[in-house]
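For reference, the chains in residue letters:
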Amino acid sequence: SFELIINPNPIAVSPPNLKACDDNNDFEFVFDLSQQTSIILGRQNPSEYTVSYFETDTDAIDNTHEITDLYYNAVNWQIIYARVENSNACFGISFIDLTVFELPNIETEEELIYCLNFFPELITLESGITTNFNDYTYLWSTGETSSSIVVSTAGAYDVTVTYDYATVPPVTCSFTEVMQVIESDEAIIRDIEIEDWTSEENTITVDVGGIGDYEYSIDGITYQDS
């Protein structure tokens, strides 16, 4: 005589899909899959059931190529499969959608020159957003909320651009860019020193004062840094 025992299949509860804002706009993000384990187990005893993760449904069914590092670097719109198994090798499978949302793509100048000799000069700082202009919100360090601002003093200005993705639940992605407005003024030539003005060695040294990063030219056409 022998016994026939039927074990119930483990239940792999479908966890919420994971969503995140891209941290460097490469459409990849490191998700912590271990945070989903307790949700996938549900009310099943974790001492009697194990949860493992796989990149394909075939691997999950065959129990091969398990993901061992649960800090998983996922690409956008990737599906991860979870396998719940008991000691009798009975198992259930569920899956998780991993979505990586693009950050607002800010393309702007990081340094702008403020010329003191054109006082009062006004400088327009742009947020750098060129597409879907009205879909973004803006917050400058000055408190203004427009896509661009006008400033008249040197200093560091930052803008945070935010985009709300219409998902359930909604996902909000923000990116901050810092722009430096640098003072510059006309150069003051304090002295010109000429040495060895011969056919073999000619040197002109210009002693310059003032606020700025200056270039030098004898003919007003060709310039050099020194």
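Worth saying up front: this structure is predicted, and the values here are computed from it rather than measured. (Residues numbered from 1 in each chain as written. Predicted model: local features only at pLDDT ≥ 70, side-chain atom pairs only at ≥ 80, totals over all residues. Heavy atoms only, no water.)

**Here we look at the packing of aromatic side chains**
Turning to step 1, where the next piece is worked out: Within this structure, the stated rule accounts for five aromatic pairs.
Turning to step 2, where the next piece is worked out: Centroid distance F101 to Y165: 4.6 Å. Interplanar angle 40 degrees. Geometry classified as tilted. Pair noted here: F101 is in strand β6 (residues 91-101) and Y165 is in strand β11 (residues 155-165), with a separation of 64 residues, a long-range link.
Turning to step 3, where the next piece is worked out: Taking the relative accessible area as the measure of exposure, F101 reaches 9% and is therefore buried.
Turning to step 4, where the next piece is worked out: Considering the side-chain rings of Y136 and Y163, the 5.1 Å spacing of their centres and the 50 degrees angle between planes classify their relative orientation as tilted. Taken as a pair, Y136 in strand β9 (residues 136-140) and Y163 in strand β11 lie far apart in primary sequence, 27 residues in all.
Turning to step 5, where the next piece is worked out: A connected cluster of aromatic rings, assembled from ring pairs, spans F101, Y136, Y163 and Y165.
Turning to step 6, where the next piece is worked out: In this arrangement the basic side chain of R83 is found over the ring face of F91, its NZ or CZ atom lying 3.9 Å from the centre. (Phe/Tyr/Trp six-rings, centres within 6.5 Å; stacked < 30°, edge-to-face > 60°. Helix = DSSP H or I, 4+ residues; strand = E, 2+ residues; numbered from the N terminus. Buried < 20%, exposed > 50% of the residue type's maximum accessible area, 1.4 Å probe, protein only. Lys NZ or Arg CZ within 6 Å of the ring centre and 35° of its normal.)

**Let's talk about a negative patch on the surface**
Turning to step 1, where the next piece is worked out: A cluster of acidic residues, D191, E193, E195, D196, E200 and E201, forms a negative patch on the protein surface.
Turning to step 2, where the next piece is worked out: Looking at where D191 falls in the secondary structure, it is placed in strand β13 (residues 188-195). (Patch = residues over 30% accessible without salt bridge, like charges linked within 9 Å, V, L, I, M, F, W, Y side chains within 5 Å. Areas by Shrake-Rupley, 256 points an atom, 1.4 Å probe, with all protein chains shown as cover. Salt bridge = Lys/Arg side-chain N within 4 Å of Asp/Glu carboxyl O. Lys, Arg positive; Asp, Glu negative; His and termini not counted. Charge placed at Lys NZ, Arg CZ, Asp CG, Glu CD.)

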